Amino acid sequence: LPAFRELRPMIASSWEAAFDDPDWAFEIKWDGYRALVFIGPDGTELRSRSGRNMTAAYPLLADLRRATLAQEVVLDGEIAVLDEQGRAVFQDLQSGRGPVTFVAFDVLYIDGEWLHDRPWDERRRRLEAVLSPEGPPRVILPEYVEGTGRALFGAIATRGGEGIVAKRRTSAYQAGRRSPDWRKVKVRHE
């Protein structure tokens, strides 16, 4: 827990345009509050990007022990309010309307083992294995596509989404750093 409290999330670099590359995975960019989550036997603690404790602000996320198949887990993700189509609605999150969901897109620690130096592909497999089927709807695992960022970006733009995040599949997790191994491509409405 002390190491978790010092941890800061890896930050994506801005990128001009979507691209295709088999060495990259592409996910939806969620419109919410970035958070690191520690889940342990005594409960759950949520920390903001700057390290502020946000647990009391989100009582629905204050006990996520049934969401994982481990005793202790550190997740990286986004706190969001989702509409009927599964899109994040930032205005609802800001105003406190609607139930909150934690979108878990990375895992950094499982039961005594730090995973930040492992490649994204391995961390993703471990994330899929550690999330419990009982977790939803408060914790969800977002889908991703390999290699085809342009098609995903086009689909997201058509549906009014915020954009995509590209992640180099061999990249380690660089806590507290902005890295070109994660690239965010935002939809620009003109």
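Everything discussed here concerns the structure shown above.
Residues numbered from 1 in each chain as written. Predicted model: local features only at pLDDT ≥ 70, side-chain atom pairs only at ≥ 80, totals over all residues. Heavy atoms only, no water.

**Concerning the packing of aromatic side chains**
Geometrically, a pair of aromatic rings is defined through the distance of the ring centres and the angle of the planes.
Here comes step 1: Under the counting rule described, the total for this entry stands at eight aromatic pairs.
Here comes step 2: An angle of 40° between the planes, with centres 5.8 Å apart, marks the rings of F4 and F38 as tilted. Placement of F4 in helix α1 (residues 2-6) and of F38 in strand β3 (residues 33-40) is noted, with a sequence separation of 34 residues between them. As far as the burial class goes, F4 and F38 line up, both buried.
Here comes step 3: An aromatic cluster is built from F19, W24 and F26, whose rings are joined through pairwise contacts.
Here comes step 4: One cation-aromatic arrangement involves R183 over W15; the distance from NZ or CZ to the ring centre is 3.7 Å. (Phe/Tyr/Trp six-rings, centres within 6.5 Å; stacked < 30°, edge-to-face > 60°. Helix = DSSP H or I, 4+ residues; strand = E, 2+ residues; numbered from the N terminus. Buried < 20%, exposed > 50% of the residue type's maximum accessible area, 1.4 Å probe, protein only. Lys NZ or Arg CZ within 6 Å of the ring centre and 35° of its normal.)

**Topic: the nonpolar core**
Here comes step 1: The biggest cluster of nonpolar side chains holds 25 residues, and the ones touching the most others in it are L61, L75, I79 and F102.
Here comes step 2: Among the elements that take part in this core, strand β6 (residues 100-110) stands out by supplying five residues, more than any other.
Here comes step 3: Leaving out residues up to four positions away in the same chain, L61 has contacts with T44, L46, I79, V100, T101, F102 and R138. (Core = buried A, V, L, I, M, F, W, Y, C linked by side-chain atoms within 4.5 Å. Contact = heavy atoms within 4.5 Å.)

**Section: the sheet that holds strand β1 (residues 11-14)**
The strands making up a sheet are joined through hydrogen bonds of the backbone, oriented either antiparallel or parallel.
Here comes step 1: The five strands lie next to each other as β1-β11-β10-β2-β9, forming an open sheet whose pairing is mixed. On the outer flanks of this sheet lie β1 and β9 (144-148), each paired with one strand and no other. The average angle at which neighbouring strand axes cross in this sheet is 40°, direction not considered.
Here comes step 2: Relative to strand β10 (residues 163-168), strand β2 (residues 20-28) is paired through five bridges, and the arrangement is antiparallel. (Pairing = 2+ DSSP bridges. Axes fitted to C-alpha atoms, helices over the stretch in contact; angles between N-to-C directions.)

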